[in-house]
Each structure stands twice: as C-alpha cells, then as structure tokens.
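Fold and geometry: a report
In case you want the letters, here they are:
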Amino acid sequence: MSRELLARVLAYYRDLGFQDIYRRMPERAAMEEENPALPPIELPGLAPADDALDRIREDIGDCKRCRLHEGRRNIVFGAGNPRAKIVFVGEGPGEEEDLQGIPFVGRAGQLLTAMIENTAKKEGIPLLRDDVYIANVVKCRPPKNRAPEPDEMEICGQFLFRQLEVLKPKAICVLGGTAMRALLGGKEGVTRMRGQWCKWRDIPVMVTYHPSYLLRAYNTGPKREAWEDLKKLFHFVYD
Ligand code: URA
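Below is a short write-up of the structure. Small disclaimer: the values here were computed from a predicted structure and weren't measured.

Turning next to the packing of helix H6 (residues 150-167) against helix H7 (residues 176-184). Across the interface, H6 lies against H7 with an axial gap of 11 Å and an inter-helix angle of 75°. By the criterion of interaxial angle, the relationship of H6 to H7 is roughly perpendicular. Between H6 and H7, the contacting residues are Met153, Leu160, Phe161 and Leu164 on the first element and Thr178, Ala182 and Leu183 on the second. Of the residues contributing to the contact of H6 with H7, the split by class is six nonpolar, one polar and no charged.

Moving on, we come to unusual backbone geometry. Positive phi, close to 50°, is recorded for phenylalanine 104, a residue that is not glycine. With respect to the helices and strands, the residue phenylalanine 104 is situated in the loop between helix H4 (95-100) and helix H5 (107-122). Of note in this structure, lysine 168 is not a glycine but carries a positive phi near 45°. Residue classification places lysine 168 among the exposed residues on the basis of a relative accessible area of 60%.

Looking at the element boundaries, glutamate 97 is found in helix H4. Using a relative accessible area of 9% as the deciding quantity, one classes glutamate 97 as buried. A C-alpha to C-alpha distance of 8.2 Å links glutamate 97 and asparagine 74, two positions 23 residues apart in sequence. Those residues within four positions of glutamate 97 in sequence are excluded, and the remaining contacts are Val76, Ile102, Pro103, Phe104, Val105 and Gly106.

Near the ligand, the surroundings consist of Gly90, Glu91, Gly92, Glu97, Pro103, Phe104, Asn136 and His210. Contacts to the ligand include glutamate 91, whose backbone N or O atom sits 2.7 Å from an oxygen atom. Contact between the ligand and phenylalanine 104: an oxygen atom at 2.9 Å from a main-chain N or O atom of the residue. When the ligand sits alone it has 230 Å² of accessible area, and the protein chains cover 92% of it. Class assignment for the residues of the shell around the ligand results in two nonpolar, four polar and two charged.

Under the 1.5 Å per step criterion, the end-to-end length of helix H10 (residues 221-238) is 26 Å for 18 residues, consistent within 8% with the ideal 26 Å. The set of residues buried in H10 consists of Gly221, Pro222, Ala226, Asp229, Leu230, Lys231, Leu233, Phe234 and Val237. Buried residues along H10 sit in contact with strand S2 (86-90), H5, strand S4 (171-175), strand S5 (197-200), strand S6 (203-208) and helix H9 (211-216).

Let us now look at the pattern of salt bridges. Within the structure shown, the criterion is met by 15 salt bridges. The residue aspartate 51 makes a salt bridge to arginine 162 at a minimum N-O spacing of 2.8 Å. Separated by 111 residues along the polypeptide, aspartate 51 in the loop between helix H2 (26-34) and helix H3 (53-60) and arginine 162 in helix H6 bring together distant segments of the chain. Note that glutamate 228 is salt-bridged to lysine 231, the shortest N-O span being 3.9 Å. Residue glutamate 228 and its partner lysine 231 are located together in helix H10, separated by three residues, close to a single helical turn. Members of the salt-bridge network, linked through shared partners, are Asp50, Asp51, Arg55, Asp59 and Arg162.

The next point concerns the pairing of S5. Here S5 shows one buried face, formed by Cys198 and Trp200, and one open face, formed by Trp197 and Lys199. In this structure, S5 lies alongside S6, joined through four bridges in antiparallel fashion. Note on S6: the bridge partner recorded for tryptophan 197 is methionine 206. The antiparallel pairing of S5 with S6 creates a hairpin that spans two residues between the two strands, and arginine 201 there sits at a positive phi of about 50°.

On to the sheet that holds S5. Pairing is mixed across the open sheet formed by six strands, whose spatial order is S1-S3-S2-S4-S6-S5. Two strands in the sheet have a free side with no partner beyond their single neighbour: strand S1 (79-80) and S5. Here H7 sits on the sheet in contact with S2, S4, S5 and S6, set at roughly 135° to S4.

Reading guide: rules and limits
- Residues numbered from 1 in each chain as written.
- Predicted model: local features only at pLDDT ≥ 70, side-chain atom pairs only at ≥ 80, totals over all residues.
- Heavy atoms only, no water.
- Axes fitted to C-alpha atoms, helices over the stretch in contact; angles between N-to-C directions.
- Helix = DSSP H or I, 4+ residues; strand = E, 2+ residues; numbered from the N terminus.
- Parallel < 35°, antiparallel > 145°, perpendicular 65-115°, else oblique.
- Contact = heavy atoms within 4.5 Å.
- Nonpolar A, V, L, I, M, F, W, Y, C, P; charged D, E, K, R; others polar.
- Buried < 20%, exposed > 50% of the residue type's maximum accessible area, 1.4 Å probe, protein only.
- Near = heavy atom within 4 Å.
- Polar contact = N/O pair within 3.5 Å; in protein donor to acceptor, adjacent residues only side chain to side chain.
- Areas by Shrake-Rupley, 256 points an atom, 1.4 Å probe, with all protein chains shown as cover.
- Expected span 1.5 Å × (residues − 1).
- Salt bridge = Lys/Arg side-chain N within 4 Å of Asp/Glu carboxyl O.
- Pairing = 2+ DSSP bridges.

Following this line, the structure appears as structure tokens:
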C-alpha cells in the first residue's frame with residue numbers, strides 16, 4: 001500500500017473515531033512474505049472509547065484466536081488493584097498460573113511477591129502485592145513453558161495494551177525480554193536495557209529481569225540489579 005493511500009485510510013478511521021490502529025510486527029510481515037499460505041491472523045477489535053477491564057475480559061471470551069488456547073486450562077487475565085499506580089508485565093502463565101487462573105503464583109511469582117514487598121518495606125514504602133496490578137503478554141500458557149511466538153504476542157498483546165490504557169498506571173515494570181519486546185520493540189537484551197526509564201505511549205517503563213531468570217541466576221549480580229531497579233521504580237512512583 002502506498003504512503004498516500006495509507007494516510008487516507010488512517011484519516012478515514014480517525015474520522016470514524018478510532019483512536020489506535022495497531023501495527024503488524026515486522027517478524028510476521030517477513031514470515032508472510034516467505035510463506036504466503038499462512039492463515040490470516042485474526043486481530044481483536046479496536047479499543048472502544050469507554051473501555052474497561054470487564055469489557056476487555058468479555059471481549060477475550062473463550063478465546064481461540066491463536067493456538068495457545070489448545071492446551072490451556074484457564075485464561076490468565078490479570079490480577080490486582082484496578083487503581084494500581086504500578087503494573088508489572090510478565091511473559092505468560094506457567095503451570096500453576098494456568099491451573100489457578102492467576103498470574104505469578106508459582107515459584108517465580110512467589111519470588112516476585114517477595115521482591116515487591118521486601119524492597120518496598122526496606123525503602124519505607126507501604127506497598128503489598130495486592131496494591132499493584134500484574135498481567136502477562138499472553139494469557140494462555142505456552143506448551144512446555146516455551147516463549148510466546150510473535151503472532152501469539154501480536155494477537156494477545158492487543159488485550160494487554162487495552163488493559164494498560166484502562167489502568168493508566170504511573171509506571172509499568174516489564175519483567176524480562178518478552179514483555180520488554182512486546183511494549184518497547186527493539187532487539188536489545190534485558191541486561192542492556194534494565195534500570196533505565198523507557199516509555200510505552202506516555203507511560204514510563206522500567207525494564208528489569210524476569211523472576212524466573214533470577215531463580216536460575218548462579219551469581220547474585222542480577223538479583224542485586226533487580227532490587228536496584230525496583231527501588232528506582234518505587235521511589236519514582238511514591239516519592
Ligand atoms: N511467568 C510469567 O511470565 N508470568 C506468570 O504469570 C508466571 C510466570
């Protein structure tokens with residue numbers, strides 16, 4: 001499509017009142033070029049102006065938009081305070097999350113809870129896990145806990161973006177590479193991006209390590225760095 005035509009199409013949708021037009025990920029475009037027989041990707045509808053968390057959950061419904069629905073037991077929508085000042089974004093549900101339908105309740109989740117509550121307490125900030133909101137890039141458990149594929153992230157990410165637009169937190173904390181790429185794009189690794197402020201739309205984003213990585217890390221460096229990242233995040237939001 002030519003630039004001129006694209007500009008006219010976008011103006012047409014703007015006139016109809018659409019506020020956001022989602023873009024295809026470059027990886028998918030390359031896959032489509034290589035394999036034109038790929039089934040068309042079915043994107044969720046655009047966000048209505050009066051969007052709300054309940055509305056988003058309703059729109060997800062008994063989702064079968066991507067292959068991840070095949071093995072899931074529960075859709076893990078997100079949990080926490082709908083008026084949270086901070087939203088944590090992980091990759092996708094693991095086994096325990098799939099069973100309970102709640103994000104970050106397995107081993108990595110317990111570490112995340114401890115990281116949030118212990119860091120806040122040490123810094124004199126009265127913050128518990130229930131005060132924040134936690135969600136994932138994909139809402140169904142990928143088989144064998146593999147990383148979500150680009151098309152799965154693109155489809156499910158639209159719902160995450162709507163959640164973030166509704167929650168309007170003062171800051172977002174992305175946990176690990178998948179969440180970082182979903183919100184910020186780019187090809188940099190977490191080690192390079194962590195501890196720095198970035199932006200998703202107008203919302204400040206802090207990148208840090210995924211707690212599963214911290215469970216596996218054989219030295220204390222990344223744990224100390226993650227603690228520093230959370231300190232920075234909490235002081236920015238609560239000072
Ligand atoms: N890992 C994630 O990224 N999200 C969860 O909810 C659990 C583990």
